[in-house]
Structures are given as structure tokens and as C-alpha cells.
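Here are the chains, one letter per residue:
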Amino acid sequence: MYGKYDNIKIKGIAAAAPSRVIDNIACAEKLGSRRAKKQVMLTGIRWRHCVREGQSASDMSCVCAEKLLEKLGWDRKEIRVIVNVTQSPDFHTPSTAMIIQKRLRIGEDCLAFDVNLGCTGYVSGLQIVSALLQNTGGKGLLLAGDGKYSEMAEVPSTDSLLFGDGSSATAIELEKGNPMFYAQKTDGTRHSLLSVALDGTLTMDGNAVLLFSLNEVCQSIKEFKEHFEIPEETIDYYILHQAQKLILDGIGRECGIDGKKILTSYEEYGNTSTATLPVTICANIEELQKKKKARLYLCGYGVGLAWSSVALDLDTDCIMPIEITDYCYNDL
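What you are looking at is a predicted structure, and each value in this text was computed from that prediction instead of being measured.

Conventions adopted
In this numbering scheme, every chain counts its residues from 1 along its sequence in written order. The predicted origin of the model limits local features to residues at a pLDDT of at least 70 and limits the giving and counting of side-chain atom pairs to 80 or more, whereas totals for whole chains, interfaces and linings rest on all residues. The basis for the side-chain values is all heavy atoms of the structure; hydrogens and waters are excluded. Classification of residues uses two cut-offs on accessible area relative to the type maximum, computed with a 1.4 Å probe and protein chains only: under 20% is buried, over 50% is exposed, and between them is partly exposed. For the purposes of this entry, the term helix denotes a DSSP run of H or I that reaches at least four residues, the term strand denotes a run of E that reaches at least two, and both are numbered from the N terminus. For two strands to be treated as a pair, DSSP must find no fewer than two bridges joining them. Ring pairs are drawn from Phe, Tyr and Trp, using the six-membered ring of Trp, whenever the two centres fall within 6.5 Å, and their geometry is named by plane angle: stacked under 30 degrees, edge-to-face over 60, tilted for the rest. Remark: nonpolar core denotes a set of buried residues (Ala, Val, Leu, Ile, Met, Phe, Trp, Tyr, Cys) joined through side-chain atoms within 4.5 Å. What makes two residues a contact is simply this: any of their non-hydrogen atoms within 4.5 Å. Comment: axis = line fitted to C-alpha atoms, over the contacting stretch for helices; angle = value between 0 and 180 degrees taken between N-to-C directions. Oblique is the label for every angle not falling under 35 degrees (roughly parallel), over 145 degrees (roughly antiparallel), or within 65 to 115 degrees (roughly perpendicular). Take the far helix as the reference: if the near one is turned anticlockwise from it by less than a right angle, the crossing is left-handed, and if turned clockwise, right-handed. Each residue receives one of three labels: charged for Asp, Glu, Lys and Arg, nonpolar for Ala, Val, Leu, Ile, Met, Phe, Trp, Tyr, Cys and Pro, and polar for the others, Gly being one of them.

*Asks:* Would you mind going over the pairing of strand S14 (residues 293–302) in detail, with residue names and values included?
*Replies:* Summarising burial for S14: eight of the ten residues are buried, a large majority. Relative to strand S15 (residues 306–315), S14 is paired through ten bridges, and the arrangement is antiparallel. Its bridge partner being in S15, Tyr-297 is matched across the sheet by Ala-311. A loop of three residues connects S14 with S15, the two strands running antiparallel in sequence, and Gly-304 in this loop sits at a positive phi of about 150°.

If you want it as C-alpha cells, here you go:
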């Protein structure tokens with residue numbers, strides 16, 4: 001599924017992570033296996049930020065949103081859409097987006113809801129907010145993030161060494177002359193390859209996910225650029241889901257992408273699920289701001305299985321550095 005909007009402008013991006021840092025080398029020592037130590041080297045994930053007890057993804061998202069709203073000077077009454085993409089909501093119901101609406105003191109003339117998506121969440125969220133704004137007008141907030149790992153086991157599994165917590169807020173407006181190209185694909189027949197049960201049990205077929213990333217995802221990147229006639233030399237940077245080093249390196253090779261164009265954040269933050277793309281953008285603020293405007297190719301892929309892409313031009317002065325925070329709202 002391909003599409004294009006001609007009037008979507010990202011006005012600001014902010015990201016946050018908890019101050020609690022897990023050292024994967026120390027975890028590998030506790031596991032006491034050569035395999036664990038080797039995995040840390042292969043994945044490239046040395047550290048991960050994990051929430052403390054009581055801290056949630058919505059706490060971090062609100063910190064990000066407040067920063068953006070203060071910087072932009074937005075009239076909160078003009079915000080018409082709040083989309084919160086997360087796999088770790090505060091409640092089963094109502095949507096955490098409604099709680100965020102209250103915390104941010106946004107008026108009633110606003111649509112607010114959650115979206116349960118993982119690795120493709122940020123890219124799909126951009127598409128959802130963009131579509132809604134075509135009808136609602138006004139301004140939109142996309143929140144994306146997860147906070148799951150406050151109860152990290154003293155001796156974790158090797159799979160858990162991949163994942164960290166983080167969150168983000170993105171401010172979006174309608175403004176003519178700003179094209180955004182997008183593509184979305186889903187294959188629910190393979191949902192069991194990467195899933196989390198209601199009791200929290202993680203199931204992941206690592207080899208199958210790797211093959212999916214190097215086959216379907218790589219093919220879709222090539223087809224996307226061909227479909228929209230986007231020359232490789234016009235893309236300044238690739239922001240890919242931060243699954244792990246092995247997968248990102250493989251995508252780069254398969255797609256013939258210059259490694260300098262692929263920005264990363266997994267070394268410090270790990271795989272932060274829905275937040276990996278905005279976290280990576282904010283983590284690379286110095287590199288991105290070498291250009292006044294950068295053309296970005298964003299690609300999310302994983303749980304679902306789903307994979308989606310967006311290409312857009314970003315004014316880099318809208319990026320804010322990552323906020324390290326332990327702030328918890330006390331209204332719950």
C-alpha cells in the first residue's frame with residue numbers, strides 16, 4: 001500500500017529515556033555463558049535504559065510533549081488529534097491518550113486514542129495523524145514509546161538483553177508544499193514469530209525475524225524508492241528500527257546503502273520498540289543539524305509481522321536532544 005500527502009510538516013521531535021542504565025556486559029557475566037557475551041558483541045547493544053518502578057511510557061511522553069509545546073508556543077486549544085502508539089499502556093481502558101490529554105491540559109475538541117503497534121508504530125503513527133488532520137485541521141501530537149522493564153530479572157534471558165525503554169512526542173501541522181511518502185505492509189499469518197502473550201511471555205524466532213528483515217524489508221525499501229522515483233543520492237539519512245547491529249548492517253549491505261547514512265542509537269538505548277525511530281533522530285541531533293534540512297527515510301519492521309516506510313524532508317532545528325528523566329506523574 002503506497003500513498004502520499006503534500007501538506008505534512010513535522011514541527012518538532014522530542015525523545016526521553018529513563019536514567020536507570022543496564023550494562024549488558026555485566027548481565028552477560030551473570031548469565032555466565034559464552035553465548036551471552038557473543039550476543040552482546042553481535043547485537044552491538046552495550047547499554048539499555050529501563051524505567052524504575054512506578055514510571056511509565058506515558059510519563060516520558062508527557063515530558064517530551066511539554067518540552068515541544070513550550071518550544072513551539074502552541075495554543076493547546078488548536079490540538080485536534082492525539083495518537084499514542086504503545087504496547088505498555090497505563091490501563092486496558094480507557095486509552096492512555098485520554099490521560100495524556102488531561103495531563104497536557106488540552107481542550108475537549110480533540111480526538112485521542114491509543115494504537116497497539118510495536119516496531120512499525122512510529123511510522124504508522126505518522127500516517128494515522130496525517131490522515132486525520134486532513135479532516136480535522138488544526139494540529140496533531142504523535143506520542144510513541146514503551147516502558148516495560150522495571151521488573152528486570154536479576155539474571156535476565158539472552159533475549160531480554162535486546163530491549164530498553166524510551167518514549168517520544170512529535171508535533172505535526174498541515175502546511176502545503178511538504179510532501180510525505182509512505183508505504184505499509186502487514187502479514188498476520190506470521191504473527192507468532194514475534195509476540196508477547198497476555199502473561200508477558202516473549203516468543204521470538206530470531207532466525208525467522210532476521211530472514212524477514214533481510215528479505216521482505218530490504219525488498220520493500222528498494223521498491224519504495226523505485227515506486228516514488230526517489231534517487232538514492234537525494235536521501236541524506238536512513239532511520240531504521242533499531243533491532244540490533246546484525247540486522248541493520250545486513251539491511252545496509254542488501255540495499256547497497258552507504259553505512260554513513262544509517263544512523264543508530266542501539267548502542268546506548270537498545271531496541272526501544274515503538275520509540276526507536278524518534279530516539280535515533282534525537283540521539284543523532286548533532287549529525288543531523290549539520291544540514292539545515294535533511295531528507296530522511298524512516299523504516300519500521302517487526303512484530304506483526306509488519307513493515308512500513310516514510311520519506312520526508314525535516315527541518316533539523318525542530319529536533320530536541322534526548323531528555324533523561326525519572327519523572328512520574330502522581331495522578332494515577
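Don't stop here, the text continues.
*Asks:* Can you tell me about the packing of aromatic side chains, naming the residues and giving the values?
*Replies:* Under the counting rule described, the total for this entry stands at eight aromatic pairs. Ring centres of Phe-224 and Tyr-297 lie 5.1 Å apart, and the angle between their planes is 80°; this geometry places the pair in the edge-to-face category. Separated by 73 residues along the polypeptide, Phe-224 in helix H6 (residues 206–227) and Tyr-297 in strand S14 bring together distant segments of the chain. The exposure classification of Phe-224 matches that of Tyr-297, with both residues buried.

*Asks:* Give a detailed account of the nonpolar core, specifying residues and quantitative values.
*Replies:* Judged by nonpolar contacts, the single largest core of 40 residues is most densely connected at Leu-126, Leu-296 and Leu-298. When sequence neighbours within four positions are dropped, the list of residues in contact with Leu-298 reads Tyr-122, Val-123, Leu-126, Ile-239, Leu-277, Ile-281, Ser-308, Ser-309 and Val-310. Counting 31 residues, the second-largest nonpolar core is a separate cluster that includes Cys-218, Ile-251, Ile-262 and Cys-299.

*Asks:* How would you sum up the packing of helix H1 (residues 24–31) against helix H2 (residues 34–43)? Please name residues and give values.
*Replies:* Interhelical geometry of H1 versus H2 gives an angle of 160° and a closest axis separation of 7 Å. As far as their axial angle goes, H2 and H1 are roughly antiparallel. Seen along the crossing, H1 lies across H2 with a hand that is right-handed. Side by side, H1 and H2 meet where Asn-24, Ile-25, Ala-28, Glu-29 and Leu-31 of the first sit next to Ala-36, Lys-37 and Val-40 of the second. Its residues assigned to classes, the contact of H1 with H2 shows five nonpolar, one polar and two charged.

*Asks:* Can you break down the pairing of strand S8 (residues 166–174) residue by residue, with the values?
*Replies:* Most of S8 is tucked away: eight of the nine residues are buried. The sheet contact formed by strand S2 (residues 8–17) and S8 spans eight bridges and is antiparallel. Opposite Ala-15, over in S8, you have Ser-168 as the bridge partner. Note: strand S7 (residues 139–146) against S8, eight bridges, orientation antiparallel. Residue pairing across strands places Leu-142 opposite Thr-170, the latter belonging to S8.

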